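Geometric and topological summary
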Amino acid sequence: MFISDLLTILLTALLCLIMVRNVFNQKRSILYNYPPGPKPLPIIGNLHILSGETLQTYFRGELSKKYGSIFTVHVGGEKTVVLCDYETVKEALHAEDILDRPFVSSFDDFLHGYENWKIMRRFALSTLRDYGMGRKLIEDKIKEESDYLVETFKSYKGKAFLNTIVISAAVANIIVSILIGHRFDNRNPKFLRLVELIKDILRLLGSPSVLEKNNNELYFHHNNFTSLITNLFIAGTETTSTTIQWALFFMMKHPEIQTNVQKEIEKVIGSSRPQSEHRKLMPYTNAVIHETQRFANIFPLNVPHSTTRDVKFKGYVLPKVRNSSDPMLSPILNDKDRFQRPDEFYPQHFLDSEGNFIRNENFLPFSTGRRSCVGENLAKMEIFLFFTRLLQNFTLRAPPGTNFDLPSGIGFTSIPPYHKMCAMPRTQI
Ligand code: HEM
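All residue numbers refer to positions counted from 1 along the written sequence of the respective chain. The model is predicted, so local features are restricted to residues of pLDDT at least 70 and side-chain atom pairs to those at 80 or more, both for listing and for counting; the totals for chains, interfaces and linings are taken over all residues.

To keep it simple, the criterion reads: UniProt positions are given in the numbering used here, feature names are shortened, and annotations may be inferred rather than shown by experiment.
Regarding the chain, the UniProt comment filed under Cofactor (unreviewed entry) reads as follows: "heme".

**What about the overall build of the chain?**
Selection rule: Numbering of helices and strands runs from the N terminus; a helix is a DSSP stretch of H or I covering at least four residues, while a strand is a stretch of E covering at least two. Buried means a residue has 20 or more other C-beta atoms within 10 Å of its own C-beta, exposed means 12 or fewer, and partly exposed covers the counts in between; C-beta atoms are placed from the backbone. Any residue pair is listed as a contact if its two C-beta atoms, each placed from the backbone, are within 7 Å.
Counting its regular elements, the chain contains 15 helices and 11 strands. Here the chain, with 429 residues, has 37% of them falling under the buried criterion. Of the contacts made within the chain by residues no fewer than 6 positions apart, 75% connect residues no fewer than 24 positions apart.

**Concerning the site of the ligand**
Heads up, the rule is: To decide whether a residue is near a molecule or strand, its C-beta atom is placed from the backbone and checked for lying within 6 Å of it. The nonpolar class holds Ala, Val, Leu, Ile, Met, Phe, Trp, Tyr, Cys and Pro. Asp, Glu, Lys and Arg form the charged class, and all remaining residues, Gly among them, are polar.
If you check the shell around the ligand, you find 29 residues, and the closest are Gly-236, Thr-239, Ser-367, Cys-373 and Gly-375. Sorting the residues of the shell around the ligand by element identifies helix H6 (114–128), helix H11 (224–253) and helix H15 (376–393) as the ones contributing at least two each. A per-element tally of the shell around the ligand places H11 first, with seven residues. Of the residues contributing to the shell around the ligand, the split by class is 17 nonpolar, nine polar and three charged.

**Side note on unusual backbone geometry**
Despite not being glycine, Asn-297 has its phi angle at roughly 50°, a positive value. Given 22 C-beta atoms within 10 Å, Asn-297 falls into the buried group. Although it is not a glycine, Lys-314 sits at a positive phi angle of roughly 55°.

**Comments concerning the UniProt feature "binding site: heme" (unreviewed entry) in the chain**
Mapped onto this numbering, the UniProt entry annotates "binding site: heme" (unreviewed entry) at Cys-373. Residue placement: Cys-373 occurs in the loop between helix H14 (330–333) and H15. Once you skip the residues sitting within four places of it in the chain, Cys-373 turns out to touch Phe-366 and Ser-367.

**Some words on the confidence of the model for the chain**
What counts, and what does not: pLDDT is defined as a per-residue confidence score from the predictor, taking values between 0 and 100.
Of all residues in the chain, 76% attain a pLDDT of 70 or more, and the chain-wide mean is 80. In this model, residues 102–111 is a region of pLDDT below 50 whose contacts with residues beyond four sequence positions or in other chains number 35 contacts. With pTM at 0.83, the complex prediction returns an ipTM value of 0.99.

**What about the packing of helix H12 (residues 255–268) against helix H13 (residues 283–296)?**
Rule in force here: For every element, the axis is a line fit to its C-alpha atoms; helices are fit only across the contacting stretch, and the angle between N-to-C directions ranges from 0 to 180 degrees. The scheme is simple: roughly parallel for angles under 35 degrees, roughly antiparallel for over 145, roughly perpendicular for 65 to 115, oblique for anything else. Left-handed describes a crossing whose near helix is turned anticlockwise from the far helix through less than a right angle; right-handed describes the clockwise counterpart.
Taken N-terminus to C-terminus, the directions of H12 and H13 make an angle of 135°; their axes are 8 Å apart at the nearest point. The angle between H12 and H13 places the two elements in the oblique class. In this structure, H12 meets H13 at a crossing whose hand is left-handed. Contacts between H12 and H13 involve Ile-257, Asn-260, Val-261 and Glu-264 from the first element and Tyr-284, Thr-285 and Val-288 from the second. Of the residues in the contact of H12 with H13, the class split is four nonpolar, two polar and one charged.

**A short note on the environment of Lys-143**
Structurally, the position occupied by Lys-143 is in helix H7 (residues 135–155). Accessibility expressed as a C-beta count within 10 Å gives 16 for Lys-143, which makes it partly exposed. Once the C-alpha coordinates of Lys-143 and Glu-382 are considered, the two residues, 239 residues apart in sequence, prove to be 8.8 Å apart. Excluding its chain neighbours within four sequence positions, the residues that come into contact with Lys-143 are Arg-273 and Leu-385.

**Considerations on the pairing of strand E1 (residues 70–75)**
Along any regular strand the residues' side chains alternate between the sheet's two faces. Basically, it comes down to this: Any two strands are treated as partners once DSSP identifies two or more bridges connecting them.
Looking at chain direction, E1 and strand E2 (residues 78–83) are connected through six bridges and run antiparallel. By the bridge assignment, His-74 is partnered in E2 with Lys-79. Taking the residues between adjacent antiparallel strands as the criterion, E1 and E2 are bridged by two residues, where Gly-76 takes a positive phi near 60°.

**Observations regarding the pairing of E2**
Burial of E2 is extensive: five of the six residues sit out of reach of the surface. In this sheet, strand E7 (residues 325–327) lies alongside E2 in parallel orientation, the contact comprising three bridges. The partner of Leu-83 across the bridge, within E7, is Pro-327.

**Concerning the sheet that holds E2**
An order of E1-E2-E7 is seen for the three strands of this open sheet, with the pairing classed as mixed. In this open sheet, the two edge strands, each paired with only one partner strand, are E1 and E7. Each adjacent strand pair in this sheet contributes to an overall mean axis angle of 25°, direction not counted. The strands touched by helix H4 (residues 86–93) are E1, E2 and E7; relative to E7, the strand with the most contacts, the crossing angle is about 120°.

As C-alpha cells, then:
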C-alpha cells in the first residue's frame with residue numbers, strides 16, 4: 001500500500017470520528033437549551049470567525065451586538081456559552097455553578113476537587129497578601145526591583161530599545177522573591193529564557209488551533225505544590241508586565257498625559273522613592289493606571305469557566321461541561337453606557353469634574369466572584385510602584401517612524417504592538 005493511500009484512510013477515519021462526535025454532541029444538546037449564536041459550519045463550527053482578523057472583532061464583543069448578552073459559539077464540535085455584559089457576567093461569576101479553571105491546574109475542581117481548589121486558593125492568597133512574607137516586605141522587593149529597572153533603562157542612554165523582556169524580568173523577579181526567597185540577575189540567560197518561554201506559552205494558548213486536550217496534557221501535573229508555584233509564576237508575570245508595557249506605550253503616544261503624571265509625581269513624591277501610600281494622594285496617576293487597564297484590556301476573553309453540574313441560567317439549561325462558558329471582560333470594559341469614550345484612552349473616565357478619583361463598577365480587569373484574580377493587590381502595587389518610579393526618572397519618547405496604530409498582539413493576553421522606546425533621563429531634558 002502506498003503512503004498516500006494510508007494517509008487517505010487515516011484522514012477519512014479522522015473525519016468520520018469528528019462527524020460521529022458532532023452528531024453525538026448535537027443529540028446530547030437537544031436535552032439542553034443553549035442560547036442562540038452564529039451558525040456553525042460542519043466540523044469547524046465557528047472557528048472561521050474566531051481566527052485571524054475576525055478574532056479582534058470577537059474580542060471586542062461585537063457578536064454581543066447581534067446576539068445579546070449571552071450566546072453560543074462552536075469551537076469545533078464543542079459549545080461555549082459566551083457571557084458579555086456586566087449583569088450577566090457578575091451573576092454567573094458569583095453563582096455556585098460556574099467554576100473551574102483549566103489553566104491553573106492546582107485549582108481545578110474537575111481533576112482535584114473543589115476542596116483542593118479552596119485550600120490552594122487560600123494558600124495562594126495568604127502567601128501573596130498578609131501572612132506570607134508580609135505586605136511591607138513585598139513592597140520593599142518591588143522598590144528594590146524598580147531601582148534595578150531604572151538602572152537597566154539608563155544603560156540604553158536614551159537610545160531606542162525593546163522594553164518587553166526587561167520589564168517581564170523585573171516583574172518575574174518579584175514573584176520569584178515571594179516564592180523562593182531570592183531574585184535572579186536580570187541578565188542571567190537562563191532566567192531570561194524562562195521569561196521568554198512564558199511569553200510563548202501565553203501566545204500559543206490564545207490560538208484557537210491549540211486543542212483543549214493538549215493543554216490538559218501540558219498543564220495537569222499531579223504535584224499540587226509544584227503546579228501552584230508554576231501557575232503563580234505564569235499568572236503573576238506576564239499579566240502585570242504586559243500592563244506596565246501598555247502604560248509606557250500610552251505615555252509615549254500621549255505625551256501631554258505623561259507630563260501631567262510627571263507633574264503629579266513631582267508634587268506628591270518629589271525625588272523620594274514612590275510608596276504605595278502615595279497612590280491615594282495621586283488621583284490623576286491612579287486614573288491613568290485604571291484607564292490603562294481598561295483600554296489595554298489584556299484579558300479580553302477572561303479565562304473559560306466550567307459548569308460543575310447541569311444549571312439553569314437566564315432561561316437556558318446548560319450541561320455540566322468543561323470550559324463551557326466564557327464570562328468575557330471586553331464588553332464590560334468597553335460599555336458605552338458606563339464609559340463616555342470607550343474607544344479612546346481617556347483617563348477622565350476615572351476622574352470627576354474636580355479632578356478627584358472616581359470608581360467605576362465596570363472596572364473588572366481582574367474579573368469578579370470567587371474565581372477572581374488572587375494576585376490583584378500584588379499586581380496593583382507593582383504597577384503603581386514601577387510606573388511612578390520610571391516616570392519619575394525618565395521621559396518616554398517614541399523613536400521616529402513609530403506607528404501607534406498597529407493592531408495589538410493577541411494571544412492569551414493582548415500585548416502592545418511591536419515598538420521600541422527611548423527613555424530620556426529626566427535630568428538630561
Ligand atoms: C495586571 C495584572 C493581572 C490581571 C489583569 C489579572 C487578571 C486575572 C483574571 C481575569 C483572572 C481570571 C478570573 C476569572 O476566571 O474569573 C485571574 C486569575 C488568577 N490570577 Fe490574575 N491577573 C493579574 C495578576 C496576577 C498576579 C500578579 C498573580 C499572582 C502572583 C495572579 C494570579 C492569579 C491566579 C492564581 C488566578 C486563578 C484564581 C482562581 O482560580 O481561583 N494574577 N487573573
